[in-house]
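This is what each chain is made of:
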Amino acid sequence: LRPDPPPGPGTPAGHLPQARVPGAAAFDGTRLVYAGGLDGHQISHSQVFAMQGNAWQELGPLPAPRNNFVAASDGEGTVWFFGGSQSGGDRTRTIFRLQGDAVSSESPGLAFGVRTPAAVLWPGAGVCLIGGDGNTKGLVFCVHPPPNAGWVTPKVQIPRGGLAAAVVGDHV
């Protein structure tokens, strides 16, 4: 759905080539990107798609299939994908980075396996993973910009997964 000028209802845009849940999506500054997810047979996938005009274009695949993971962007063309599961459900420690149309693995990955975290571009901290199932201490981990990479405070006071995050001003 693309927004129309107010009070427009929105304009339907192209559908993903295959139905997928729960994958990860982010706006990279010029396009919407969607990756991974489970199909109707509960199989994890590694495809990465970008909305080009009103249609989805397939980009390079993730290095491994993922579901229940999260994406966030610096708004300048790079998207990071954090954690998630494969079809078996085990939590992963991976960080993948999409730059242009190519995806690569970031090393080192996370210190622990995590799924269903939140992620945002946190003003003054960078692109950050927040909470998630498996993040038992509620830590926040930022990957960009590089001087800020690593664990930051504050942490999530009550560790949890399946959460969402938004930035309002300088608050997350």
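Report on the accompanying structure. (Residues numbered from 1 in each chain as written. Predicted model: local features only at pLDDT ≥ 70, side-chain atom pairs only at ≥ 80, totals over all residues. Heavy atoms only, no water.)

**A short note on the pairing of strand β3 (residues 48-52)**
Within β3, 4 of the 5 residues are buried, which leaves it mostly tucked inside the rest of the structure. Looking at chain direction, strand β2 (residues 32-35) and β3 are connected through 3 bridges and run antiparallel. Each bridged residue has a counterpart across the sheet, and for Ala35 the counterpart in β3 is Val48. Two elements, β3 and strand β4 (residues 55-58), share 4 bridges in a ladder whose sense is antiparallel. Counted as the bridge partner of Met51 is Trp56 from β4. In this antiparallel pair of consecutive strands, β3 and β4, the connection spans 2 residues, and Gly53 shows a positive phi of 65 degrees. (Buried < 20%, exposed > 50% of the residue type's maximum accessible area, 1.4 Å probe, protein only. Helix = DSSP H or I, 4+ residues; strand = E, 2+ residues; numbered from the N terminus. Pairing = 2+ DSSP bridges.)

**Here we look at the state of the cysteines**
Scanning the entire structure with this criterion turns up 1 disulfide. Disulfide pairing is shown between Cys128 and Cys142; the S-S distance is 2.0 Å. The chirality of the disulfide connecting Cys128 with Cys142 is right-handed, given an S-S dihedral of about 95 degrees. With Cys128 in strand β10 (residues 126-130) and Cys142 in strand β11 (residues 140-144), this pair connects stretches of sequence that are 14 residues apart. (Disulfide = S-S within 2.5 Å.)

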